[in-house]
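Here are the chains, one letter per residue:
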Amino acid sequence: MAEKLTDLVIPQHIAIIMDGNGRWAKKRGLPRTAGHRAGAKAVEKICEEAYNAGVKYLTIYAFSTENWSRPAEEVNMLMNLLRDYLSDSLTNAKKNNMKIRVIGDRNALSPDIRDRIIETEEASKDYTGLNFQIAINYGGQDEILRAVKKIGERVKAGDILPEDISVKTIEDSLDTAGIPAPDLLIRTSGEQRLSNFLLWQLSYTEFYFCDTLWPDFGKKQLLEAIKYYNTRDRRYGGVK
Ligand code: IPE
Ligand code: IPE
Ligand code: MG
């Protein structure tokens with residue numbers, strides 16, 4: 001088995017459900033917020049490692065449409081972390097030559113966060129290294145619902161006929177328009193569910209689950225996930 005990234009086929013697009021920040025903190029007798037802070041550091045590290053490994057697209061689940069149900073204090077803290085991340089994002093973007101894009105429904109976010117998102121996307125749009133998608137107030141069902149509404153509006157306006165709606169029409173209406181589907185999905189912390197992440201896009205993605213809690217996920221764990229990916233035989237419904 002290959003021990004170095006250079007001996008492996010590198011997935012073009014990796015999606016990550018970063019889970020286990022709360023349990024990481026609890027194990028250390030710290031508040032959950034400390035886990036989120038450590039989780040944010042792990043994100044920076046993994047962008048760098050993914051970029052160095054040759055990954056072209058990295059999509060991370062930062063805040064789900066369901067995460068609003070957490071205690072207000074935790075939600076506020078997560079939003080503040082996001083603010084900080086977006087403020088530093090240009091330094092990060094430069095370092096990894098990273099084009100940043102936010103997916104999810106930003107209408108429910110504070111106006112200042114929305115502005116920071118627009119600034120970050122605009123300022124990083126010409127970087128040609130890692131394409132980094134951050135899912136914020138993202139839910140797969142919500143994304144599909146918003147896409148259906150957009151297409152409905154186009155039908156109403158006479159732009160498109162119902163019989164001309166294709167898979168491509170739907171893909172072009174999703175937040176991930178223009179981004180290839182993930183090749184590998186990683187979920188940390190032992191949970192084995194999608195929790196409403198990229199429901200459409202993961203239709204033929206390989207899934208890798210590990211027990212590592214997100215703040216502990218680094219280069220070694222990424223290599224393990226990519227090694228696992230290299231053992232898979234992707235058949236896409238065909239025969240090999
Ligand atoms: C993932 O860690 C981060 C977010 C969902 C924002 P959790 O906060 O879900 O951590 P656990 O699952 O409670 O350990
Ligand atoms: C999924 O993790 C959402 C993010 C990682 C942002 P959760 O911890 O919210 O998922 P559940 O509640 O365990 O399904
Ligand atoms: Mg969790």
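All of these numbers come straight from a predicted model, not from anything done at the bench. (Residues numbered from 1 in each chain as written. Chains lettered and ligands numbered in written order. Predicted model: local features only at pLDDT ≥ 70, side-chain atom pairs only at ≥ 80, totals over all residues. Heavy atoms only, no water.)

Undergrad: Could you give an account of the side chain of N137, with specific residues and numbers?
TA: The residue N137 is located in strand β4 (residues 131–138) in this model. What makes N137 buried here is its relative accessible area of 5%. Side-chain polar atoms of N137 contact the side chain of W68, separated by 2.8 Å. Sequence-distant contacts of N137, that is, excluding residues within four places in its chain, are made with F63, S64, T65, W68, G104, D105, A108 and L109. (Helix = DSSP H or I, 4+ residues; strand = E, 2+ residues; numbered from the N terminus. Buried < 20%, exposed > 50% of the residue type's maximum accessible area, 1.4 Å probe, protein only. Polar contact = N/O pair within 3.5 Å; in protein donor to acceptor, adjacent residues only side chain to side chain. Contact = heavy atoms within 4.5 Å.)

Undergrad: How would you sum up the site of ligand 2? Please name residues and give values.
TA: Around ligand 2 sit I17, M18, D19, Y61, A62, F63, S64, N67, R70, R187, R193 and S195, and those are all the residues in its vicinity. Between ligand 2 and the protein, one listed contact pairs an oxygen atom with a side-chain N or O atom of N67 at 2.9 Å. The side chain of R187 places a nitrogen or oxygen atom 3.3 Å from an oxygen atom of ligand 2. When atoms are counted within 2 Å of each cavity's grid points, the one that captures over half of ligand 2 is the largest pocket. Per-element tally for the shell around ligand 2: the top contributor is strand β2 (residues 57–64), with four residues. Among the residues making up the shell around ligand 2, the classes are represented as five nonpolar, three polar and four charged. (Near = heavy atom within 4 Å. 1 Å grid on protein atoms, 1.4 Å probe; cavity = no way out; pocket = protein on both sides within 12 Å on 5 of 7 lines; lining within 4 Å. Sits in = over half its atoms within 2 Å of the grid points. Nonpolar A, V, L, I, M, F, W, Y, C, P; charged D, E, K, R; others polar.)

Undergrad: Talk me through the sheet that holds strand β3 (residues 99–103); I want residue IDs and the actual numbers.
TA: Working definition: the strands of a sheet are paired by backbone hydrogen bonds and lie parallel or antiparallel to each other. What the six strands build is an open sheet, ordered β3-β4-β2-β1-β5-β6; its pairing is parallel. At either end of the open sheet lies a strand with only one pairing partner, and these are β3 and β6 (206–209). Looking at each pair of strands side by side, their axes are set apart by 20° on average, direction ignored. Sheet analysis places strand β5 (residues 184–187) next to β6, joined by four bridges and oriented parallel. The residue bridging L185 from the neighbouring strand is F207, located in β6. (Pairing = 2+ DSSP bridges. Axes fitted to C-alpha atoms, helices over the stretch in contact; angles between N-to-C directions.)

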